[in-house]
Amino acid sequence: MNIMKNRLFYSFIFVIGLGLAVLGLFIGQLFPFFADEYYTIAKDANVAQLEQIIKDEQIVLTDDQKQALLKTYTSEIDSSDFSELKMKLYITVATLLLLGLIIMALMAHRVAANFITPIINITKTAIELSKGNYRARAFANGPRTVVELRNSINILARNLQDITKTRMIEEERLKTLIENMGSALMMIDREGNISIVNKKFQKHFELPTAQLIGKSFMSLGLPKQLEKFIDHVFLTEMPYRQQLVMEIGEEEYNEQVYGAPVVGEHGRWLGVVIVMHDISELVRLEQIRKDFVANVSHELRTPITSIKGFSETLLDGAFKDEQMLLSFLNIIHDESNRIEVLVHDLLELSKIERHGFELDITPTKLQDILVRVVDLTSAQLESKHMQFDVEIEQDAIILGDFNRLMQIFTNLINNAIAYSKEETTVTLRISANSEYGIFEVRDEGLGIEKAEISRIFERFYRVDRARSRNSGGTGLGLSIVKHLIEAHQGKIQVTSEVGKGTSMKVYLPLQK
């Protein structure tokens, strides 16, 4: 900007200087005319003066003498006065030209200061606005036109700042809405690359942001059902809704998936948006509601039938045989105990699921719990000639209800013993990571099919129904275990291989 200002200033001075030079040259060219006129006037005046002197002094001269005397006198005037006049004229012209140039330079500098400097300031402000600095303002003063331009630039800056602020607020609101909505959301551009994804989606599929934004949805390892759904929306470019059953991280999820094309201004197709709402809990609760009566009826039918049958047999006269009487009474007693255990587990599960259920949370060492549950389950272990293998990599202090934690681990160990062969080993391991204390129970039993792992925590679900009843189980133990773990803000992870055994890891939050 300063270069432009200096260039304009020097150009203005050059033009003015050139004009003054031409003016000086023009005046120089007129000098002979002014000199001749001056010479004629001076000559006439001197001749008249000389004639007056001759007349006053009464000098008698002939005409030839008089003309010779006048000619000699005018020659002296031409040689002396004319050269001096010429020099004075040149000095005067040069002085006037220099003075004019200085005055013009000052005027040019003032013009540049009044017009160019404000424009430079306004131009810098416009450049800052183009860079996105909408806080920039112009402070130029000058003529009315410059002031109006300055005011227009400042109004534009304020409007851009207000628009940017409004846009940022709207973007923040939209981001907050997307990040905190209960459904998983993903937006895919027209090339098939992910442009927007919320935390719910990331957490659901356990994918960090670095692997999502800008990547093709086909390269993320999403469930095949979801990929086919997205392809369908891309191909049809029409809204589509479908309920999908997807296996994610060893668990089965029911997802209500909705896809729709995203259309921008002027009908331009920008991509598709996919919204997934997890309805697994609703499906599970609906299935529990449907199966509860049937399951309870099924579980109660066998012991009730046994009690009724044996009691009728006794009433028909079998009570007279003392040995048969005692045998039947023992069976009736066992079946009534079975009903009692089932009712107790149902009441316990109902209590845990009831709103307002509270735990007695205290800092607890996992090693202390391990010692207690080993004592409680040793008798059952010895009855099958089995043994414990205890591994404590790192003891952990967790926040939990000691009695409820005992209930969790006792149930898991009893299951491991019940579903294992004789003379095998049940491994108990304690470890920790940065967030959780980990209690692992691993057996060498029959194992669980991969398709059934996600269902073992359902009420009354049994992998092997005959074996479960023979072991005295009600089918509610693992359901109670999962509810108690979730009440502790923890989680349980199951891995199993048929014929080799099952591992159940319980993750409980550490004391901070």
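Structure report, in brief. Small disclaimer: the values here were computed from a predicted structure and weren't measured.

### Observations regarding the overall build of the chain
Part 1 of the argument: Within the chain one finds 12 helices and 12 strands.
Part 2 of the argument: Here the chain holds 512 residues, and 34% of them are scored as buried.
Part 3 of the argument: At a minimum sequence separation of 6, the contacts of the chain that also span at least 24 residues come to 61%.
Part 4 of the argument: If you sum the accessible surface of the chain, you get close to 32100 Å²; carbon and sulfur atoms cover 56% of it.

### Considering the environment of Pro239
Part 1 of the argument: By the secondary structure assignment, Pro239 is in the loop between helix H5 (224–236) and strand S3 (240–248).
Part 2 of the argument: Taking the C-alpha atoms as reference points, Pro239 and Val273, 34 residues apart in sequence, are found 9.6 Å from one another.
Part 3 of the argument: Apart from the residues lying within four places of it in its own chain, the contact partners of Pro239 are Tyr258, Gly259, Ala260 and Pro261.

### Regarding the sheet that holds strand S4 (residues 251–263)
In any sheet, the strands associate via hydrogen bonds between backbone groups, in a parallel or an antiparallel arrangement.
Part 1 of the argument: Across the sheet, which stays open at both edges, the 5 strands sit in the order S2-S1-S5-S4-S3 with antiparallel pairing between neighbours. Two strands lie at the open edges of the sheet, namely strand S2 (194–197) and S3, each paired on one side alone. The mean angle between the axes of side-by-side strands here comes to 25°, regardless of whether they run parallel or antiparallel.
Part 2 of the argument: In terms of strand pairing, S4 meets strand S5 (residues 269–278) through 9 bridges, oriented antiparallel. Considered in S5, the bridge of Gly259 is made with Ile274.
Part 3 of the argument: The sheet contacts of H5 involve strand S1 (184–189), S3, S4 and S5, and relative to S3 the element is tilted by about 160°.

### With respect to the packing of helix H8 (residues 366–383) against helix H9 (residues 402–418)
Helix-helix packing is described using two parameters, namely the angle between the two axes and the distance between the axes.
Part 1 of the argument: Interhelical geometry of H8 versus H9 gives an angle of 40° and a closest axis separation of 9 Å. Put simply, H8 runs oblique to H9. Where H8 crosses over H9, the two elements pack in a sense that is right-handed. Residues Leu366, Ile369, Arg372, Val373, Leu376, Thr377, Gln380 and Leu381 of H8 pack against Phe402, Leu405, Met406, Phe409, Thr410, Ile413, Asn414, Ile417 and Ala418 of H9.
Part 2 of the argument: Residues of the contact of H8 with H9, tallied by class, amount to 12 nonpolar, 4 polar and 1 charged.

### A word on the pairing of strand S11 (residues 491–497)
Part 1 of the argument: In this structure, S11 lies alongside strand S12 (residues 501–509), joined through 7 bridges in antiparallel fashion. Within S12, the position partnered with Ile492 by the bridge is Val506.

### Remarks on the nonpolar core
Part 1 of the argument: The biggest cluster of nonpolar side chains holds 45 residues, and the ones touching the most others in it are Leu366, Phe409, Leu412, Val426 and Leu428.
Part 2 of the argument: Breaking this core down by element, the ones donating at least two residues are helix H7 (322–353), H8, H9, strand S9 (425–432), strand S10 (436–442), helix H12 (477–487), S11 and S12.
Part 3 of the argument: The element best represented in this core is H9, accounting for 8 residues.
Part 4 of the argument: Excluding residues that lie within four positions of it along the chain, Val426 makes contacts with Leu381, Met386, Gln387, Phe388, Asp389, Ala416, Ile417, Val441 and Arg442.
Part 5 of the argument: The next biggest cluster of nonpolar side chains, apart from the first, holds 26 residues, and it includes Val197, Leu207, Val233 and Phe234.

### Details of the sheet that holds S11
Part 1 of the argument: With mixed pairing, 5 strands are arranged side by side in an open sheet as S7-S9-S10-S12-S11. Both edges of this open sheet fall to strand S7 (387–392) and S11, since each of them pairs with a single strand only. Recorded for the sheet is a direction-independent mean angle of 15° between the axes of neighbouring strands.
Part 2 of the argument: Relative to S9, S7 runs parallel, the two being bridged by 6 bridges.

### Quick notes on the environment of Ala260
Part 1 of the argument: Following the sequence through the fold, Ala260 ends up in strand S4.
Part 2 of the argument: Judged by its relative accessible area of 11%, Ala260 is buried.
Part 3 of the argument: Through-space distance from the C-alpha of Ala260 to that of Pro239 is 4.1 Å; in sequence the pair is 21 residues apart.
Part 4 of the argument: Once you skip the residues sitting within four places of it in the chain, Ala260 turns out to touch Val233, Pro239, Gly271, Val272 and Val273.

### Regarding the packing of H9 against H12
Part 1 of the argument: Closest axis-to-axis distance for the H9/H12 pair is 10 Å, and the angle between their directions is 145°. Like other packed secondary-structure pairs, H9 and H12 cross with a definite hand, here left-handed. On the side of H9, the interface is formed by Arg404, Gln407, Ile408, Asn411, Leu412 and Asn415, while H12 contributes Gly477, Leu478, Ile480, Val481, Leu484 and Ile485.
Part 2 of the argument: Residues that form the contact of H9 with H12 fall into these classes: 7 nonpolar, 4 polar and 1 charged.

Cut-offs and rules
- Residues numbered from 1 in each chain as written.
- Predicted model: local features only at pLDDT ≥ 70, side-chain atom pairs only at ≥ 80, totals over all residues.
- Heavy atoms only, no water.
- Helix = DSSP H or I, 4+ residues; strand = E, 2+ residues; numbered from the N terminus.
- Buried < 20%, exposed > 50% of the residue type's maximum accessible area, 1.4 Å probe, protein only.
- Contact = heavy atoms within 4.5 Å.
- Areas by Shrake-Rupley, 256 points an atom, 1.4 Å probe, with all protein chains shown as cover.
- Pairing = 2+ DSSP bridges.
- Axes fitted to C-alpha atoms, helices over the stretch in contact; angles between N-to-C directions.
- Parallel < 35°, antiparallel > 145°, perpendicular 65-115°, else oblique.
- Left-handed = near helix turned anticlockwise from the far one by under 90°.
- Nonpolar A, V, L, I, M, F, W, Y, C, P; charged D, E, K, R; others polar.
- Core = buried A, V, L, I, M, F, W, Y, C linked by side-chain atoms within 4.5 Å.

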